[in-house]
Amino acid sequence: MGFKLEHTLTEQNKDVNPEKDWLTNLLQKEIAFAKFFGNKKKEDFYSELGILLKAGINLKDALALIQENQKKKKQNAFFGEMVDALVSGKSFFEVLHERPEFSEYEYYSVKIGEETGTLTRIVEELGKFYERKNEQRRSLMNALTYPIIILCTAVLVVVFMLRMVVPMFEDIFKQNKVDLPGITKMIISISNFIRDYGWLVLVFIGILLILRKTFANKKWYKKGKDKALLKLPYIGSFISSVYLAQFTQAVALLTSSKVPMLNSIQLVKKMIDFYPLNEALTNVEKGVLSGTSLNGSMAGNKIFDNKMVSLVKVAEETNQTEYIFERLNQQYAIEVQQKSKLLSTLMEPIIIIVIGIFVGVILVSMYLPMFKLSSVVG
């Protein structure tokens, strides 16, 4: 049984006040409530709920059991309000729709599950979706954390040498009036700059961090940041694979519930907050509406590689959309794991080599005049 979203989307848009539309969109972003009910808690919630429903427990009792297991008062009250809403006669998707902690993707997925009698499967798939999303995030953090620690430590070492070691050599050179080579003069100039204006650099970094938080939800900032990330060697490809894995998993879930492809694209757009992918999905949506095939609409966007476009074409010709997107998701998930390991492996020696060059240049620049000094003294 298929479930069409056109009417529900239209009805919802009628009730939205244009002046408050920005607030609605903000509330629907995951980042707005990540501290209270983020991806990890959603993974636990949907996984536990799926197990309980599959065991034959009704929805109200399942939520009540989840509520009893909450140690924090805020979370206990959160699930208690959901149970009370169900008792008052509301359906589960209506409960989710009233709470800003849940996105439209989740709301419509659960609505589809209740309408088609596949709620247990939908809830299980939502649990898997967040499980993989969290795994991909952990892969990214694991790949970057150790190299970043090494980088920060190495930068501190270089700054220490420039701020403490170089001035000692500079005093020796001044006392003996040694003629300094160009590279030594450059290093001493950098050392003097750090001594005189280092605090300005720290203030500048602090301002950048504040501005980043201020403009984090601005469209122009997200657009510039995400496009810049994609252009980074290897890292851009890795980030692209992470979001494509999330995209294919979401589409596989929605198509398995008989959601029309156009509606699936619209929902996934609201779920995944990555500008290049959202921009590409907007173009795909326009292409499908104009009568172009899905694979034809995807072909003109760089973020979709030839492998995905070719397999989507096969899916359309064989009517195996769900299966193809599941296979694509598995491939991208494996690709993310492989790239995260390789990224961590590659970045560590690269950072060490680069910092080693900086340290070597500083040492050479300081010892070259020492050789001249020793020859003069000799």
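Look up: the structure comes first, before these words.
Residues numbered from 1 in each chain as written. Predicted model: local features only at pLDDT ≥ 70, side-chain atom pairs only at ≥ 80, totals over all residues. Heavy atoms only, no water.

A. Summary view of the environment of I324. Its location among the elements puts I324 in helix α17 (residues 321–377). Expressed as a C-alpha distance, the spacing of I324 and V314, which sit ten residues apart in the sequence, is 8.2 Å. With sequence-adjacent residues up to four places away left out, I324 is seen in contact with L311, V312 and A315. (Helix = DSSP H or I, 4+ residues; strand = E, 2+ residues; numbered from the N terminus. Contact = heavy atoms within 4.5 Å.)

B. Highlighting the packing of helix α9 (residues 119–176) against helix α10 (residues 182–214). Interaxial distance between α9 and α10 falls to 9 Å at its minimum, and their mutual angle equals 125 degrees. One way to sum up the angle between α9 and α10 is to call them oblique. Classified by chirality, the crossing of α10 by α9 is left-handed. Judged by residue contacts, L162, R163, V166, P167, E170 and F173 of α9 engage T184, I187, I188, I190, S191, N192, I194 and R195 from α10. A per-class count over the contact of α9 with α10 returns eight nonpolar, three polar and three charged. (Axes fitted to C-alpha atoms, helices over the stretch in contact; angles between N-to-C directions. Parallel < 35°, antiparallel > 145°, perpendicular 65-115°, else oblique. Left-handed = near helix turned anticlockwise from the far one by under 90°. Nonpolar A, V, L, I, M, F, W, Y, C, P; charged D, E, K, R; others polar.)

C. Layout of the nonpolar core. Membership of the largest hydrophobic core comes to 86 residues, with the highest contact counts inside it found for F45, L49, M82, F92, F247 and F304. It is α9 that contributes the most residues to this core, 15 residues altogether. Not counting the four nearest positions on each side in its chain, L49 is found in contact with L59, A62, L63, I66, F92 and V123. (Core = buried A, V, L, I, M, F, W, Y, C linked by side-chain atoms within 4.5 Å. Buried < 20%, exposed > 50% of the residue type's maximum accessible area, 1.4 Å probe, protein only.)

D. Focus on the side chain of S240. Secondary-structure assignment places S240 in helix α12 (residues 235–256). Setting aside chain neighbours within four positions, we find S240 in contact with L230 and I303.

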